[in-house]
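Residues per chain, in single letters:
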Amino acid sequence: MQLYGSTRSPFVRKVLIAAHETGLNGQIELLPKVVSFTKADDEVCSHNPLGQIPTLLLDDGTALWDSGVICDYLGEISGTGWIVPEDRAARREALVRQATADGLMNTYMRWYGERRRSDDPLSATYVANCREKFRRVLGHWEAQAAGWSTEQIDLGFIAIACALAYADFRFGAENWRDGHAALAAWHEAVESRPAFQAAAFRDG
Ligand SMILES: N[C@@H](CCC(=O)N[C@@H](CS)C(=O)NCC(=O)O)C(=O)O
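Residues numbered from 1 in each chain as written. Predicted model: local features only at pLDDT ≥ 70, side-chain atom pairs only at ≥ 80, totals over all residues. Heavy atoms only, no water.

Enquirer: With reference to specific residues and values, describe the site of the ligand.
Expert: Around the ligand sit Ser9, Phe11, Val35, Ser36, Phe37, Gln52, Ile53, Pro54, Asp66, Ser67 and Met109, and that is every residue in its neighbourhood. Interatomic distance of 2.6 Å between a side-chain N/O atom of serine 67 and an oxygen atom of the ligand. Protein burial of the ligand: of its 500 Å² of free accessible surface, 86% is covered by the chains. For the ligand, the cavity whose grid points lie within 2 Å of the majority of its atoms is the largest pocket. (Near = heavy atom within 4 Å. Polar contact = N/O pair within 3.5 Å; in protein donor to acceptor, adjacent residues only side chain to side chain. Areas by Shrake-Rupley, 256 points an atom, 1.4 Å probe, with all protein chains shown as cover. 1 Å grid on protein atoms, 1.4 Å probe; cavity = no way out; pocket = protein on both sides within 12 Å on 5 of 7 lines; lining within 4 Å. Sits in = over half its atoms within 2 Å of the grid points.)

Enquirer: Lay out the packing of aromatic side chains in plain terms, naming residues and giving numbers.
Expert: A full pass over the atoms with the stated rule returns eleven aromatic pairs. Taking 5.6 Å as the distance between ring centres and 50° as the angle between the ring planes, the aromatic pair formed by phenylalanine 157 and tryptophan 186 counts as tilted. Placement of phenylalanine 157 in helix 6 (residues 155-170) and of tryptophan 186 in helix 7 (residues 181-191) is noted, with a sequence separation of 29 residues between them. The two residues phenylalanine 157 and tryptophan 186 agree in class, both being buried. A connected cluster of aromatic rings, assembled from ring pairs, spans Tyr108, Trp111, Phe134, Tyr166, Phe169, Phe171 and Phe201. Positioned above the aromatic ring of phenylalanine 201 is the side chain of arginine 13, whose terminal nitrogen or guanidinium carbon lies 5.3 Å from the ring centre. The positively charged end of arginine 97 is found above the aromatic ring belonging to phenylalanine 157, 3.8 Å away from the centroid. (Phe/Tyr/Trp six-rings, centres within 6.5 Å; stacked < 30°, edge-to-face > 60°. Helix = DSSP H or I, 4+ residues; strand = E, 2+ residues; numbered from the N terminus. Buried < 20%, exposed > 50% of the residue type's maximum accessible area, 1.4 Å probe, protein only. Lys NZ or Arg CZ within 6 Å of the ring centre and 35° of its normal.)

Enquirer: Residue-level account of the layout of surface pockets, with values.
Expert: Within this model, the largest pocket holds a volume of roughly 1200 Å³. Together, 31 residues line the largest pocket, and Val35, Ser36, Phe37, Thr38 and Met109 are the ones closest to its centre. For the lining of the largest pocket, the secondary structure elements donating two or more residues are helix 1 (10-21), helix 4 (88-114) and helix 6. Of the residues contributing to the lining of the largest pocket, the split by class is 14 nonpolar, ten polar and seven charged. Taken domain by domain, the lining of the largest pocket gets at least three of its residues from each of domain 1 (2-78) and domain 2 (88-193). Approximately 220 Å³ is the volume attributed to the second largest pocket. Counting residues per element, the ones that place at least two in the lining of the second largest pocket are helix 1, strand 2 (29-32) and helix 8 (194-198). The element that contributes the greatest number of residues to the lining of the second largest pocket is helix 1, accounting for five residues. Taken together, the residues of the lining of the second largest pocket break down into ten nonpolar, five polar and three charged. (Points joined across faces, edges and corners; volume = space filled by probe spheres on them. Nonpolar A, V, L, I, M, F, W, Y, C, P; charged D, E, K, R; others polar. Domains from an automatic or database assignment.)

The structure is reproduced here in structure tokens:
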């Protein structure tokens, strides 16, 4: 399998971690691509009409996209059964956690883009709203984090860890750990796992 991706993307990091946690990392070749709303890549677009990374190419040429779909697929073919839990209630909880983290990552993408448009008068309101969303999500997670597993790392937990690590990577000045001690402790424990260490964010 081949994966269009970048070591700067939080969505790609979800897939790299899931691949490692399921033992499939040796079967996936990373094809480096940096894309953005203002920079589409023809090769990625020829497989995925959204032109987004991550996009996974299976050996029969089938393309899969959306980080959640790809992680679900890796869970399925590895037979591990916990990337997306089989129990319906656990599955729902994991998917809501993922949806929240993915929503935050989408907010980051807009926020990061807006930082370059300081000449736009709407930009200050826009950035303030991004920051407000970020703070609400952190508070929501902080209230739950003391009860979270650091061993059964399902799709929702992978996504949350990636969202927090991306805050460190691109929004360090926001000091997200302030007032979020339980979340910070959970994140530190999860990030020490080999799969997370192997998929650290890198520019370039
Ligand atoms: N829902 C998608 C989001 C992926 C995404 O937004 N990827 C960014 C890179 S971090 C991208 O490809 N942006 C270019 C674009 O949206 O055109 C997923 O979970 O994979």
